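# Results of the structural survey
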Amino acid sequence: MAKLLEGKVIAEKIKEGLRQEIRLLKVKPVLASVQAGENAGAEAYAKSQKKTAEDLGIEYQFHKLGLDTSENGLIEFIRKLNGDKSVNGIIIQMPLPPQIDYKKISQFIHPDKDVEGMHPVNIGKIVFAKSRLLPCTPAAVMELLNSCCADLYGKEAVIVGHSEIVGKPLALMLLDKFATVTVAHIGTSKAQKLEEHVNKAEILIVAVGKAGLIKGGWIKEGAIVIDVGINRVEGKIVGDVEFAEAEKRASYITPVPGGVGPLTVTMLMRNLVEAAKSQQ
Ligand code: NDP
């Protein structure tokens, strides 16, 4: 039976270190969060970020703009935050109204204040293993692996899902640790090769958003399974992996909820502290 990889426990340890680093800063670090329009999900996420930030001693500034905010209007707002020396990091809450293209506007956040680690400059630096501001979810996955697998060297790692926010940057981060990386995606599924790839994974990371996509019986005996997926099924939150069956075969597995999620927000705060340190 697999051991549970509980993100909350690891997050607490990292937060303790962050509190100490924050105490050493000359001024209280500030995270500016921007939301355009009404969205209950985004507001709930922002509230949880605020709680974590304040618990660590970070000031959380929440800016709510109108639903009719134009792309240029938001870019102008971002420029103001870029120029405000008291603001160390900027996060844009999703989803944005349809008239605003996130990919476009995220490029206007100054790379030094890009605490989501998604600016092309920061993403590009991952190739050279030089990025100080890593994308939060891949960074959370690496922390989880770090907690249970001393060495990734030569390990067979399979990522399912090739999104810009999770799969692609994670592949580069695993390569940097000399894992042998396979990235499976919709094409792999359509070619009916998903089971074959999952079956060889010593380390399996799934980030798709489809409940039950990965059958428990596909998991290699002793594999480490990180389930990033979040799905609501009959009022319950579940991942992409059939947990009950996978748990019998894996050596370690993340629960959903309680695995990757709690660490993702901690990685955001770690980036904010990194940003504040380099700016001060
Ligand atoms: P995206 O929708 O951006 O990406 C999903 C990926 O899965 C795409 O690469 C897609 O390919 C691929 N895919 C779709 N269907 C299949 C299939 N049948 N077989 C294999 N691959 C497939 O999602 P995100 O990366 O943003 O998020 C993925 C999941 O992780 C979601 O459930 C999300 O809620 C969750 N998440 C959780 C976080 C946390 O902190 N716990 C943080 C971020 C995300 P294609 O685009 O070509 O269709």
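None of these values were measured; they are calculated from a predicted model. (Residues numbered from 1 in each chain as written. Predicted model: local features only at pLDDT ≥ 70, side-chain atom pairs only at ≥ 80, totals over all residues. Heavy atoms only, no water.)

## Things to note about the overall build of the protein
- A tally of helices and strands in the protein yields 11 helices and 11 strands.
- Expected size for 280 residues packed as a compact globule is a radius of gyration near 19 Å; at 19 Å, the protein falls within 12% of this value.
- Dimensions along the principal axes, computed over C-alpha positions, put the protein at roughly 50 × 40 × 35 Å.
- Within the protein, contacts between residues separated by at least 24 positions form 71% of all contacts whose residues are at least 6 apart in sequence. (Helix = DSSP H or I, 4+ residues; strand = E, 2+ residues; numbered from the N terminus. Rg over C-alpha atoms; globule rule 2.2 N^0.38 Å. Contact = heavy atoms within 4.5 Å.)

## What to know about the layout of surface pockets
- By volume, the largest pocket amounts to about 1200 Å³.
- What lines the largest pocket is a set of 44 residues, among which Tyr-45, Thr-137, Ile-165, Val-166 and Thr-264 lie closest to the centre.
- A total of 5 residues in the lining of the largest pocket trace back to one element, the largest contributor, which is helix α11 (residues 260–279).
- Mapped onto the domain boundaries, the lining of the largest pocket takes at least three residues apiece from domain 1 (27–114) and domain 2 (136–261).
- Reported here for the second largest pocket is a volume of approximately 370 Å³.
- Along its surface, the second largest pocket is lined by 20 residues, and Leu-134, Met-142, Met-173, Asp-176 and Lys-177 are the ones closest to its centre.
- The set of elements that each furnish at least two residues to the lining of the second largest pocket consists of α5 (120–127), α6 (136–148) and α7 (167–176). (1 Å grid on protein atoms, 1.4 Å probe; cavity = no way out; pocket = protein on both sides within 12 Å on 5 of 7 lines; lining within 4 Å. Points joined across faces, edges and corners; volume = space filled by probe spheres on them. Domains from an automatic or database assignment.)

## Quick notes on the domain arrangement of the protein
- Split by domain assignment, the protein resolves into domain 1 (27–114) and domain 2 (136–261).
- Inter-centroid distance (C-alpha atoms) of domain 1 to domain 2 is 29 Å.

## Structural notes on a nonpolar patch on the surface
- A surface patch of nonpolar side chains, about 400 Å² in accessible area, is lined by Val-127, Phe-128, Leu-172 and Leu-175.
- Residue placement: Phe-128 occurs in the loop between α5 and α6.
- Look at Phe-128 and you get exposed, because its relative accessible area is 62%. (Patch = residues over 30% accessible without salt bridge, like charges linked within 9 Å, V, L, I, M, F, W, Y side chains within 5 Å. Areas by Shrake-Rupley, 256 points an atom, 1.4 Å probe, with all protein chains shown as cover. Salt bridge = Lys/Arg side-chain N within 4 Å of Asp/Glu carboxyl O. Buried < 20%, exposed > 50% of the residue type's maximum accessible area, 1.4 Å probe, protein only.)

## Overview of the pairing of strand β7 (residues 203–206)
- Across the two faces of β7 the burial is the same, with Ile-203 and Ile-205 and Leu-204 and Val-206 all buried.
- Pairing of strand β5 (residues 156–160) with β7, which is carried by 4 bridges, proceeds in the parallel orientation. For Ala-157, the partnering residue across the bridge sits in β7 and is Ile-203.
- Inspection of the sheet shows β7 paired to strand β8 (residues 224–227) by 4 bridges, in the parallel sense. In the sheet register, Leu-204 faces β8, and the bridge partner there is Val-225. (Pairing = 2+ DSSP bridges.)

## Considering the sheet that holds β7
- Spatially, the 6 strands line up as an open sheet ordered β1-β11-β8-β7-β5-β6, and their pairing is parallel. Lying at the two open borders of the sheet, with one neighbouring strand each, are β1 (3–4) and β6 (180–184).
- Judged from the 2 bridges that link them, β8 and strand β11 (residues 252–253) form a sheet pairing that is parallel. Counted as the bridge partner of Ile-224 is Tyr-252 from β11.
- Of the strands in this sheet, β7, β8 and β11 touch α6, which is tilted by about 155° from β8.
- Helix-sheet contacts for α7 involve β5, β6 and β7, and the interaxial angle to β5 is about 170°. (Axes fitted to C-alpha atoms, helices over the stretch in contact; angles between N-to-C directions.)

## As for the environment of Leu-133
- Within the secondary structure, Leu-133 sits in the loop between α5 and α6.
- Residues Leu-133 and Leu-263, spaced 130 residues apart in sequence, show a C-alpha to C-alpha distance of 15 Å.
- Residues contacting Leu-133, with those up to four places away along its chain left out, are Pro-111, Asp-112, Asp-114, Gly-117, Asn-122, Asn-271, Glu-274 and Ala-275.

## Digging into the environment of Gly-57
- You can see Gly-57 is positioned in the loop between α2 (40–56) and β3 (59–65).
- By relative accessible area, Gly-57 is classed as partly exposed at 24%.

## Topic: unusual backbone geometry
- The amide bond that connects Met-94 to the next residue, Pro-95, takes the cis arrangement and shows omega of 0°.
- Relative to the helices and strands, Pro-95 is located in the loop between β4 (89–92) and α4 (102–106).
- Going from Val-256 to Pro-257, the amide bond is cis rather than trans, its omega being 0°.
- Its place among the elements puts Pro-257 in the loop between β11 and α11.

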